[in-house]
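# Chains, contacts and geometry: an overview
Take a look at the letters that make up each chain.
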Amino acid sequence: MTNKYSNKNIEKIKNSPYPRVLLNVCTHGTERVGLKVAKHFKNFKPLRGVFIINIANEKAVARKKRFINQDLNRVFPGKKNGGHEERLAYRLAPFIRAFDIVVDVHSTETGMASSLIITTFKSSMKPLIQTINPKRIIYMKATKSNALISEARVGIGFEYGKDKSLKTYKDTVLGTKRILAYHKMIPSMGKMSTRRVEFYEVTNSIPKPEGFIVKKGVKNFSMIKKGAVIGYNPNTKEKITAKESFYPFLFGKNRYKTIFGFSAQKTKNLDL
């Protein structure tokens, strides 16, 4: 799409018939499962509304890097004269806002699967969540204001597993189709089975001092009790312990440089 973030194109999307759905991929350039999902929907024509595919960080994709200067998913709404990702976020933000729903495709090597990420939660979202039918919902309060989906009217991030996994690809495609079916952009996929969805609220990040690594055996969504070791410095043998009990989220050996991951609290399950 030429000048896809131009004011003219944004106005065209805003004036398009409801629903306006964006499939956004490669917010992180190394999460390439999104390219496969985008290819699957390349020739898709909705029964109604508008469906657009966007490759977010094309420069990072070309260089096979997660990002160029900064994590694109941590710098919204961006800066007009900042680094590459800040400038990109500044241009992307009004484009994101033009859609009724934004689907942001991710992958993770942290052993996590079948998880939806949201930065805003309303009771009106329950029927949509029921249609997607994930295992868990992650309410990301910790990055509420600077994630890509935080700019959306309704934003949903897919974290369905490892980047090269065929299951991740298939499950993400299926989840996207369920969103399209919910909005009557494809034929109904039939009645979905109901289940109780795990609901986590992520409020804080856990700082990681230079030279420290995650303790072996720490697993995402397996509770870490207050006082338990979460990381250590292999050279000095110094340890870091949990100040409170929490569920680790996005913990991984090489996930982040300055944090171990995020601290989550499990709330009551959603009855869907």
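To start, this report covers the structure provided alongside it.

Criteria and thresholds
- Residues numbered from 1 in each chain as written.
- Predicted model: local features only at pLDDT ≥ 70, side-chain atom pairs only at ≥ 80, totals over all residues.
- Heavy atoms only, no water.
- 1 Å grid on protein atoms, 1.4 Å probe; cavity = no way out; pocket = protein on both sides within 12 Å on 5 of 7 lines; lining within 4 Å.
- Points joined across faces, edges and corners; volume = space filled by probe spheres on them.
- Nonpolar A, V, L, I, M, F, W, Y, C, P; charged D, E, K, R; others polar.
- Axes fitted to C-alpha atoms, helices over the stretch in contact; angles between N-to-C directions.
- Helix = DSSP H or I, 4+ residues; strand = E, 2+ residues; numbered from the N terminus.
- Parallel < 35°, antiparallel > 145°, perpendicular 65-115°, else oblique.
- Left-handed = near helix turned anticlockwise from the far one by under 90°.
- Contact = heavy atoms within 4.5 Å.
- Buried < 20%, exposed > 50% of the residue type's maximum accessible area, 1.4 Å probe, protein only.
- Arc of directions from axis to C-beta.
- Phe/Tyr/Trp six-rings, centres within 6.5 Å; stacked < 30°, edge-to-face > 60°.
- Lys NZ or Arg CZ within 6 Å of the ring centre and 35° of its normal.
- Salt bridge = Lys/Arg side-chain N within 4 Å of Asp/Glu carboxyl O.

### Brief notes about empty space enclosed by the protein
For the structure shown, the criterion picks out 1 cavity of 30 Å³ or more. Here the largest cavity is characterised by a volume of approximately 160 Å³. N73, R74, H106, I117 and E159 are the residues nearest the centre of the largest cavity, which is lined by 18 residues in total. Grouping the amino acids of the lining of the largest cavity by side-chain chemistry returns 7 nonpolar, 6 polar and 5 charged.

### A word on the packing of helix α2 (residues 33-40) against helix α6 (residues 166-182)
Two numbers describe how α2 lies on α6: the axes approach to 10 Å, and their chain directions differ by 50°. When the axes of α2 and α6 are compared, the pair comes out oblique. Of the two possible hands of crossing, α2 and α6 adopt the one that is right-handed. Judged by residue contacts, V33, K36, V37 and H40 of α2 engage T168, Y169, T172, V173 and K177 from α6. Considered class by class, the residues forming the contact of α2 with α6 number 4 nonpolar, 3 polar and 2 charged.

### Quick look at unusual backbone geometry
For the peptide bond that leads from Y18 to P19, omega is 0°, which places it in the cis range. A cis amide bond links F76 to the next residue, P77, at an omega of 5°. You can see P77 is positioned in the loop between α3 (58-63) and α4 (84-97). Despite not being glycine, F221 shows a phi value in the positive range, around 70°. Inspection of the secondary structure puts F221 in the loop between β8 (213-214) and β9 (229-232). Note on F221: relative accessible area 10%, which makes it buried. Here L250, not a glycine, exhibits a phi torsion of approximately 60°, which is positive.

### What about helix α1 (residues 7-14)?
Looking only at α1, the buried set comprises N9, I10 and I13. In an axial view of α1, the angular spread of the buried residues amounts to 100°, which keeps them on one side of the axis. Exposed and oriented more than 90 degrees from the buried face of α1 are N7, K8 and K12. The inward-facing, buried residues of α1 contact β1 (20-25), β2 (50-55) and α4.

### Considerations on the packing of aromatic side chains
To describe a pair of aromatic rings, one takes the distance between the centres and the angle between the planes. Within the structure shown, the criterion is met by 14 aromatic pairs. Centre to centre, the rings of F158 and Y160 are 5.0 Å apart; their planes meet at 80°, and the pair counts as edge-to-face. Ring centres 6.4 Å apart and planes at 45° place the aromatic pair F249 and F262 in the tilted group. Of this pair, F249 sits in strand β11 (residues 247-249) while F262 sits in strand β12 (residues 259-271), and the two are 13 residues apart along the sequence. Under the relative-accessibility criterion, F249 is labelled buried at 1%. Of the residues examined, F262 reaches a relative accessible area of 4% and is grouped as buried. Three or more aromatic residues joined by ring pairs form one cluster here, namely Y200, F221, Y247, F249 and F262. Over the ring of F221 we find R136, and its NZ or CZ is 4.0 Å from the ring centre.

### A few points about the pattern of salt bridges
Scanning all chains against the criterion turns up 11 salt bridges. Across the pair R66 and E31 runs a salt bridge, and its minimum N-O distance is 3.2 Å. Residue R66 is found in the loop between α3 and α4, and its partner E31 is found in the loop between β1 and α2; the two are separated by 35 residues along the sequence. Of the two residues, R66 and E31, neither departs from the other in class, the shared state being buried. In this structure, E151 and R97 form a salt bridge, with 3.0 Å as the shortest nitrogen-oxygen distance. Pair noted here: E151 is in the loop between β5 (136-140) and β6 (155-159) and R97 is in helix α4, with a separation of 54 residues, a long-range link. Its relative accessible area of 13% is what places E151 among the buried residues. We classify R97 as partly exposed; its relative accessible area is 39%.

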